[in-house]
Structures are given as structure tokens and as C-alpha cells.
Amino acid sequence: MIRVEHLVKAYPGQAAGDAARVLPPALSDVSLSVARGEFLAVVGRSGSGKTTLLNILGGLDREWTGRVEVNGQDLARLHDRDLSMLRNKTIGFVFQAFHLLPHLTVIENVTLPAWFGNQDRDRAEAEGRAMQALDRVGLANRATDRPTRLSAGERQRVAVARALLNRPMLLLCDEPTGNLDAATGAAVLDIFLELNRRDNTTLVIATHESRVSEAASRQIVLETGRIVEA
């Protein structure tokens, strides 16, 4: 599902220049493979490069060197439109901060991915899939509420439902339980585990929580942009 070879990501000021500004690259010579249906946990302290790696795998960051393939496609060779279609059809994203639009209802937030790329003109069909996704995360009864009326755990479950709308083969999750209490985080983790086991969804979850990394089938440890344990 994923193949990364000799990936390097440096930000301005992280290359040769003023010695006072020279910093190690955000990612340095990272190579890894993730099989279809695998659950990989990316572990490391804040600043280790976890989010940067997920942003590159999801095609959100294009300024890097090396080779990155997702579902057999070389991301560096994709034009912006093709990359957008790959993100929309193949990849689901779940972020720590939820990123729900407060002026939209829950179901309107979940259906948002259906309108990117104009592949879905049938609103009823999209809303039907959204209700299925909300039912899967146990929130079908909150479809007409706005996110401001939901708890943090419920908002994260809405974010998961939104990520599932287009039935992605790959879910990229950045600290998805980081803002949740232990019980709520465990419930969200159970949803991910069901997706992985029942649907063979490939999971890559960046986390610093042992409960998440211990549930994964494999983990890698990042430290200052390098894989130090795999």
C-alpha cells in the first residue's frame, strides 16, 4: 500500500547557510513499507517528524526528496488534480483537532468529501453513505446537530465518519486520541480496529500513546526525523 525510499524533508533554514539557522531535516533518509491491511503506529516525541511523514504520505506536502508510492502511484509524478483525486478516493484523514465546520450540521460535515472533484452529483446518495458512516461510529442519531453540541469524543467520531465517506483503502490519523480522555480514546481506537480487521483498511496512526501503539500490528519509532526502531 505504501512504499517510501530515502525520504528527506527539510524546511527553509534547515539546509546549508547561516550556521545559527542550520537544523537537522524534519525527515532524514526514511525508508519503510506498509502492506495493504496493515496497522502501523508511528511513535515519537513531539517534533520527531510524525506529522510531517503523514502529510507527505497523504500528498499534503510536495516539497521533499526521495520516492513515495501510495497504492502503486508515485506521488512525485502526479499532477495536482491526480493527487487530489488520489486523496479523495483512496485516503481518509483523521486529525487530532477534528477540523469540523461549526456552521454545518454533522451530516453536512460528513458529506463534504463527496463534493470535491464533483464525482457525486446525487445528494441523496451521498447523504445515504454519510448516514451509514455515522451509524458505524454510533452517531446516526446526531446527524442534524451542529458540532458545537457534541462532546470531544463525539466530534472525533464524526471526523472518523467523514474520513470513511468515500470508503478509503488507507486511513492516515494524526494523534486521533490525543484530545480525548482514556475511555473515549479507547472507544475511538476500537472503531479503528474494527475498520482494520473487518474491512482490511490500512491504518497509519501517528501517536505518543502506548494504548494505540500496542494495538497496532507493527510500529516504528521516529527520533529527530530518523527511524530508530522498526
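Definitions and cut-offs
- Residues numbered from 1 in each chain as written.
- Predicted model: local features only at pLDDT ≥ 70, side-chain atom pairs only at ≥ 80, totals over all residues.
- Heavy atoms only, no water.
- Helix = DSSP H or I, 4+ residues; strand = E, 2+ residues; numbered from the N terminus.
- Contact = heavy atoms within 4.5 Å.
- 1 Å grid on protein atoms, 1.4 Å probe; cavity = no way out; pocket = protein on both sides within 12 Å on 5 of 7 lines; lining within 4 Å.
- Points joined across faces, edges and corners; volume = space filled by probe spheres on them.
- Nonpolar A, V, L, I, M, F, W, Y, C, P; charged D, E, K, R; others polar.
- Axes fitted to C-alpha atoms, helices over the stretch in contact; angles between N-to-C directions.
- Parallel < 35°, antiparallel > 145°, perpendicular 65-115°, else oblique.
- Left-handed = near helix turned anticlockwise from the far one by under 90°.

This next bit is on the environment of Val68. Note that Val68 resides in strand β4 (residues 65-70). Taking the C-alpha atoms as reference points, Val68 and Leu7, separated by 61 residues in sequence, lie 7.5 Å from one another. Among residues more than four places away in sequence, those in contact with Val68 are Arg3, Val4, Leu7, Ile56, Leu57, Gln73, Asp74 and Leu75.

With that out of the way, let us pick up the layout of surface pockets. Leftover empty space is mapped by rolling, across the atoms, a probe with the size of a water molecule. The calculated volume of the largest pocket comes to roughly 540 Å³. In terms of lining, the largest pocket is formed by 19 residues, of which the most central are Arg87, Asn88, Phe93, Pro113 and Phe116. Every element with two or more residues in the lining of the largest pocket is listed here: α2 (80-90), β6 (91-95), α3 (106-115) and α5 (152-164). Examining the composition of the lining of the largest pocket, we find that 5 residues originate from one element, α2, more than from any other. Here the lining of the largest pocket is built from residues that sort into 10 nonpolar, 6 polar and 3 charged. Arg129, Gln132, Ala133, Arg136, Leu164, Leu165, Arg167, Pro168, Leu195, Asp199 and Thr201 are the residues that line the second largest pocket. Mapped by element, the contributors of at least two residues to the lining of the second largest pocket are α4 (123-136) and α6 (182-199). Among the elements that take part in the lining of the second largest pocket, α4 stands out by supplying 4 residues, more than any other. Residues of the lining of the second largest pocket, tallied by class, amount to 5 nonpolar, 2 polar and 4 charged.

The next point concerns the packing of α5 against α6. Here α5 crosses α6 at 15°, and the two axes come no closer than 9 Å. Here α5 lies roughly parallel to α6, going by the angle between them. Where α5 crosses over α6, the handedness of that crossing is right-handed. In contact with Gly153, Gln156, Arg157, Val160 and Leu164 of α5, α6 contributes Thr184, Val188, Ile191, Phe192 and Leu195.

By themselves, these are just geometric observations and shouldn't be taken as functional.
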